[in-house]
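Geometric and topological summary
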Amino acid sequence: MLLRYRFAVLLASGLCACCATAQPSDVAITTQQAALSLIPLPAKLVQQQGSFRISSATPVLAKGEAAETVAHQFVDYLHRSRSLDLVVSADPKPQAIEFAIKADIAASPEGYALEVTPQLIRVTAADSRGLFYGAVTLWQLATLNDSKSIQVPAVRIQDAPRFGWRGLMLDSARHFQSVDQVKALIDAMALHKLNTFHWHLTDDQGWRVEIKRYPKLTGTGGCRIPAGDGGRDPQTDAPVPYCGFYTQEQIRDVVRYAAERHITIVPEIDVPGHAQAAVAAYPELGVTGKHIHVLNEWGVNTTLFNVEENTFQFLENVLAELIELFPGTYVHVGGDEAVKDQWKASARVQERMRELGAKDEMAMQSHLIKRLEKFLVAHHRRLIGWDEILEGGLPAEATVMSWRGIEGGLEAANQGHDVVMSPSSELYLDYLQTDSPNEPPGRPATIPLKQVYAFEPIPAALAADKRAHILGLQANTWTEHMRSYARVQHAIFPRIAAVAETGWTPAQNKDWPGFVARLPTQLQRYRALGIGYAQTPFEVRSTLSAERKGRMVQVALSNSLDYDDMRYTLDGSVPGPTSTAYAGPFSLPLPARLRAAVFADGQALADAPLQRIDATTLLTRTNAALAMCTGALMLRLEDDGPLQGERAIFNVDIFNPCWEWKAANLQDIASITVRAGRIPYYFQLAHDEPARKFKPAKSAHGELEIRAGCDGAVLATVPLPASPDADGFVTLKAPIEATGTSQDLCLYFTGDTRPTMWVLDQVTLQPR
Ligand code: ACM
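Notes on the structure in this doc start here. Nothing here was measured: the structure is a model prediction, and the numbers come from that model. Each residue is numbered by its place in its chain's sequence as written, counting from 1. In keeping with the model being predicted, local features are shown solely for residues with a pLDDT of at least 70 and side-chain atom pairs are shown and tallied solely at 80 or more, while totals for entire chains, interfaces and linings include all residues. Each side-chain value is worked out from all heavy atoms of the structure, with water and hydrogens disregarded.

Looking at the sheet that holds strand β22 (residues 552-559)
Put simply, the rule is: A pair of strands is considered paired only if DSSP assigns at least 2 bridges between the two. Numbering goes from the N terminus for both helices and strands, where a helix is a DSSP run of H or I of at least four residues and a strand is a run of E of at least two. Every axis in this analysis is a line fitted to C-alpha atoms, fitted for helices over the stretch in contact. Angles between the N-to-C directions lie between 0 and 180 degrees.
In spatial order, the strands read β21-β22-β25; together these 3 strands make up an open sheet with antiparallel pairing. In this open sheet, the two edge strands, each paired with only one partner strand, are β21 (540-545) and β25 (586-589). Neighbour to neighbour, the strand axes of the sheet diverge by 40° on average, direction disregarded. Examined bridge by bridge, β21 and β22 share 6 bridges and lie antiparallel to one another.

Quick look at the structure:
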C-alpha cells in the first residue's frame, strides 16, 4: 500500500542525509513518520527498538489533580476509539503508563516529553496543557491500527508547537449547530492540538448568543424565514422560520468543555456591518430606523449599525455580558465588509461624523473600533478584528485577522501589531475541496488539501524582527452553504489536519508526501470517533472514452491524492481489499457497472458509489461536469426545496448563469435535451450587483438558448414555461443542426427571472 509515498519519503530522507544543513532529528522524523502516523508531526522524534503493549490490565499512573485529569482524558479517548477501559491510580506499579507534571523541567509553553520503552510509557510536561498534548500524541500512537492488540512503538519525543494561535472559526450565524455538535467539533480540534475556537455568533442572518439585557436580539434576531420553498410549509404555505441561539448557560457549558481541552473560545460580535439581525431586533440601532427582517440572502449586505452614543453603549453592554461568558483574552469585533452606503446617504450619520471629528466613513469605523477597544482594554481584554479594521487606523493594541490574503497581516505586523493569518485563498473551508460532482454546496475555487498544507503563515517579505507578531493561523468555516453538521464536518476534515500541522510542526519538518502517507491512519481515527470526514478527496474518479455508437468504453481511474492502491468491481458489489487492483486503463463492454475505492492498509478510504455506464450516460453531462462560460462568480448552490430531505445541487455563475460543454461530439446527433431546475436568486451583491447581466428575453418567460461556442451561432432556442413541474424541474428538447466532433456548446437562460433563477441540471444528446 502507498508505495509511491513510502518511496518518496525514503528518497527525501536519503537526499537530506547528504545535505549539509540537515538536522539528525529531522531525518529521523522523515523516515519514520509514515509508520508512526502522527498528525501534527512532533518537533523531535527518535524511534527506539521494540514496543509497549497496552492491555486492559495496564495501569495508568497520575499524581496530583492536573495529571489525573489528563490521565482520565487519555483513558476516555482510548475507550472511545479502542473500546479499552484502563484504570487510573496514584500507586507506582511496573509496566505502567505514567502522566506527570514536572514544574521544574525547562519546557516551552504547551510542550511535553513522551518516552515509550517496552517497560514503560512516561508523559511529562511543565503544565497540564503540555501534558494534554502529550496524551494526544500517545493516543495517536495507540491508534495506529485497529488490531485487537495495542502495541505502542518505542519512541522518544520532545515536542512543542511552532505557533501559539492554532485556530478554527465556526460560523453559527448563517447556519446553527447544536451544543453537542459544537462540543464534538471542539473535541476533534483538541485531538489536532488546536487551541483557539473562534465562534462567529452574530451576522445579518442570525444573532445566536443570549444577551440578557436585550432579549429581542435572540427573540427576533435568532430567526429568519429562509428564501423560497425552504421557508414555507408545502401544505399550508405558512412561513417556516429557521431559528437557533445559545443560552448563557449553554455558552458557559461549552466554554468549560473547551477549557478542559485547553481550547480558548474567542467570541465574535460583528460590527458595524453584518448587523441586520440586530437591527431587525432593535430598529433604533440601524441607520434608516425602518423595520427590517432578519436577512435570508447571502453575500454583502448594506445594513449597518448607526453611530449614535446609544448604539455605542448598546455594543458595550453586549461586550460586558460577553466577557462575563468568555474568560479568554480576545474578543473579536468583526469589522469586515461594512459597505458604507448607508452612512454616506444619512444626513444624521454625516452630522455625527462631524461631531466626532471623523473625516470620512473609514475614520468613523475606526472611531467605533477604537471605542470598543478602550472598553475591552479597561476590562483587561484584547480586541481582534478582520483586516478591514486597518482602514482609518488601528486601535493601539488591536490584533488583526488577515483574511483578504496576507497583505493586511503584513501591514499590521509592520505597524507592530499582532496578526493571525487566515487568508481566504488558502484557509477558507467553505471553498470546495475537489471538483468532484459529489462535493456538497460551497464557494468556488477549490482549496484542496495540498493547498491548505502548503500555506506558510510568516510572509517572506516580513522582516525578522517583526515575525514574532504572527501569532499563528486559523481556518474559517463560513456556513452559508452548510445546512447540516455533516456538511460542516465535510468542510473541516481532513483539511484541519493540514492546518494543525502548519500550526504545530517546525516548518523544516513539514513534508507533503509524508503527510499524505500518514493520512489514512488519521482517517481511521476519524472513523473510530464518528467524525464524518470529506470523502471527495479520497474517492476514485473515472475518465470514460468511447466511440460514438461503439459497444465498448475505455475507463481510466484516478484519485485526487494519487494513492496507488485503487480497486474495483464490475458486478455492483462494494469493492474490498482483495478486489481487482487497478493497473491502468481498461475496456468494458456496455452497459457496465463500476464501483471503485482507494485502499490503504486494507481499508477503503471513501465510499464507492455505483456508477452505471451505458449509451445514454456517455451522451450526458451532469451540471458538475460542465464548465462555467465566464466563471465570474461560480457558486455551488442547493435547491430551496424540499423542506425536508435531499435537495439538488447546481454549479452556477450568478453573474452569468451560462454552462459550457467543451468539445462536445455532435456527430450523428439529432436533438438535445436539457433538464433545468429553479432556485431562489437570494444574493446581496452590494456594489457588484450591476455586474450581474441578464440576457434579453424574446418571449413571456424567456428561453433556453444553445450556442456553438459562447460567441457563436444560436443552435437552438426553446421557450421556458412560467414555472417548473411539480418536482421542481423542467425538461426541454430541441432539434440540433450542428455537426462535427468537437463543438463547444454554451447553454443559458434569457430574461430577468428574479427572485428566482433557472439552473441547468443536465444535458443529453440524442443520436439520429
Ligand atoms: C470575511 O470573510 N468576511 C471575514
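Structural notes on the state of the cysteines
Here is the rule we go by: Two cysteine sulfur atoms form a disulfide, by the criterion used here, when they sit within 2.5 Å. Remark: exposure states derive from per-residue accessible area (1.4 Å probe, protein chains only) relative to the maximum for the residue type, with buried under 20%, exposed over 50%, and partly exposed in between.
Taken as a whole and assessed by the stated rule, the structure comprises 3 disulfides. Linked covalently through their sulfurs, C629 and C658 form a disulfide whose S-S length is 2.1 Å. The sign of the -70° torsion about the S-S bond sets the C629-C658 disulfide as left-handed. Taken together, the positions of C629 in the loop between β30 (627-628) and β31 (634-638) and C658 in strand β33 (residues 658-664) put the pair 29 residues apart, joining distant regions of the chain. Residue classification places C629 among the buried positions, given a relative accessible area of 17%. Disulfides within the protein chain link the bonded cysteines, taken in sequence order, as 1-2, 3-4, 5-6.

Quick notes on the pattern of salt bridges
Spelled out, the test is: By convention in these notes, a salt bridge is any Lys or Arg side-chain nitrogen within 4 Å of a carboxyl oxygen on Asp or Glu.
One pass over the full model with this rule turns up 42 salt bridges. Close ionic contact of R80 with D187 constitutes a salt bridge, the shortest N to O distance being 2.6 Å. Placement of R80 in helix α3 (residues 65-82) and of D187 in helix α5 (residues 179-190) is noted, with a sequence separation of 107 residues between them. Close ionic contact of R348 with E351 constitutes a salt bridge, the shortest N to O distance being 2.8 Å. Residue R348 and its partner E351 are located together in helix α11 (residues 347-356), separated by 3 residues, close to a single helical turn. Of the residues examined, R348 reaches a relative accessible area of 33% and is grouped as partly exposed. For E351, a relative accessible area of 38% puts it in the partly exposed group. Because the salt bridges share partners, they merge into one network encompassing E308, E309, E316, R348, E351, R352, E355 and R371.

Topic: the packing of aromatic side chains
Heads up, the condition is: Any Phe, Tyr or Trp ring, taking Trp's six-membered ring, that has another such ring centre within 6.5 Å forms a pair; planes under 30 degrees apart are called stacked, those over 60 apart edge-to-face, and the others tilted.
For the structure shown, the criterion picks out 32 aromatic pairs. Ring geometry for F74 versus F99: centroids 5.6 Å apart, planes at 50°, classification tilted. Remark: F99 occurs in strand β4 (residues 97-101) and F74 occurs in helix α3; sequence separation between them is 25 residues. Members of the aromatic cluster, joined through ring pairs, are Y77, F132, Y133, W139 and W504.

A word on the pairing of β4
Looking at chain direction, strand β2 (residues 59-62) and β4 are connected through 3 bridges and run parallel. Directly across from V60, in β4, lies its bridge partner I97. Where β4 lies against strand β6 (residues 121-125), 5 bridges are found, and the strand directions are parallel. Note on β6: the bridge partner recorded for I101 is A125.

Some details on the nonpolar core
Across soluble globular proteins, nonpolar side chains show a tendency to be buried alongside one another. Our working rule: Side-chain atoms within 4.5 Å link the members of a nonpolar core, which is a set of buried Ala, Val, Leu, Ile, Met, Phe, Trp, Tyr and Cys residues. Whether two residues are in contact is decided by their heavy atoms: any pair within 4.5 Å suffices.
Residues I54 and F99 are the most contacted members of the largest nonpolar core, which totals 182 residues. Look past the residues within four positions of F99 in its chain and what remains in contact with it is V60, L61, A62, K63, A67, V70, A71, F74, V123, L131, A135 and L138.

With respect to the sheet that holds strand β9 (residues 196-200)
Pairing is parallel in the closed barrel, where 8 strands are placed in the order β8-β9-β14-β16-β17-β18-β19-β20. Averaged over all adjacent pairs, the angle separating strand axes in this sheet is 25°, with direction ignored. Bridge count for strand β17 (residues 382-386) against strand β18 (residues 399-402) is 3 bridges, and the pairing is parallel. Across the sheet, G385 pairs through a bridge with V400, a residue of β18. Lying over the sheet, α5 contacts β8 (165-171), β9 and β14 (264-271), oriented at roughly 150° with respect to β9. The strands touched by helix α12 (residues 361-378) are β14, β16 (330-334) and β17; relative to β17, the strand with the most contacts, the crossing angle is about 150°.

Thoughts on unusual backbone geometry
A cis amide bond links V271 to the next residue, P272, at an omega of -10°. Relative to the helices and strands, P272 is located in the loop between β14 and α8 (276-281). The amide bond that connects R754 to the next residue, P755, takes the cis arrangement and shows omega of 15°. Within the element layout of this structure, P755 appears in the loop between β39 (743-749) and β40 (756-767). One non-glycine residue, Q95, lies in the positive phi region at around 50°. Residue placement: Q95 occurs in the loop between β3 (87-89) and β4. According to the relative accessible area criterion, Q95 is partly exposed, its value standing at 39%.

Looking at the packing of helix α17 (residues 495-504) against helix α18 (residues 512-529)
The condition is simple: Small angles under 35 degrees read as roughly parallel and large ones over 145 as roughly antiparallel, with 65 to 115 read as roughly perpendicular and the rest as oblique. Each helix crossing is assigned a hand: it is left-handed if the near helix lies turned anticlockwise from the far helix by less than a right angle, otherwise right-handed if that turn is clockwise.
Contact pair α17 / α18: the axes reach a minimum separation of 11 Å and the direction vectors enclose 120°. Judged on the interaxial angle alone, α18 and α17 are oblique. As for how α17 packs across α18, the hand of that crossing is right-handed. Between α17 and α18, the residues in contact are I496, A497, A498 and E501 and F515, R518 and Y526, respectively.

Some remarks on α11
We apply this condition: To be clear, the arc concerns the directions from the helix axis to the C-beta atoms.
Within the span of α11, buried status applies to V349, R352 and M353. Viewed end-on, α11 has its buried residues packed into an arc of 105°, placing them on one side of the element. Residues of α11 that are exposed and angled more than 90 degrees away from the buried face: A347 and R354. Among the structural elements, α9 (309-325), α10 (341-345) and α12 are those in contact with the buried residues of α11. Positive backbone phi, at 75°, marks G357, one or two positions downstream of α11.

Topic: the side chain of N656
Rule in force here: Here a polar contact is recorded for every N or O atom pair within 3.5 Å, except that within protein the pair must consist of a potential hydrogen donor and a potential acceptor, and residues adjacent in sequence are included only if both atoms are side-chain atoms.
Here N656 is to be found in the loop between β32 (649-653) and β33. Of the residues examined, N656 reaches a relative accessible area of 17% and is grouped as buried. Side chain to side chain, N656 and T630 meet in a polar contact 2.9 Å long. A distance of 3.2 Å separates the side chain of N656 from the side chain of K695, its partner in a polar contact.

Re the environment of V759
One can find V759 in strand β40. Residue classification places V759 among the buried positions, given a relative accessible area of 0%. Spatially, the C-alpha atoms of V759 and R678 are 5.7 Å apart, while their sequence positions differ by 81 residues. Beyond its immediate stretch of four places on either side in the chain, V759 contacts F650, V652, W659, R675, A676, G677, R678, I679 and F749.

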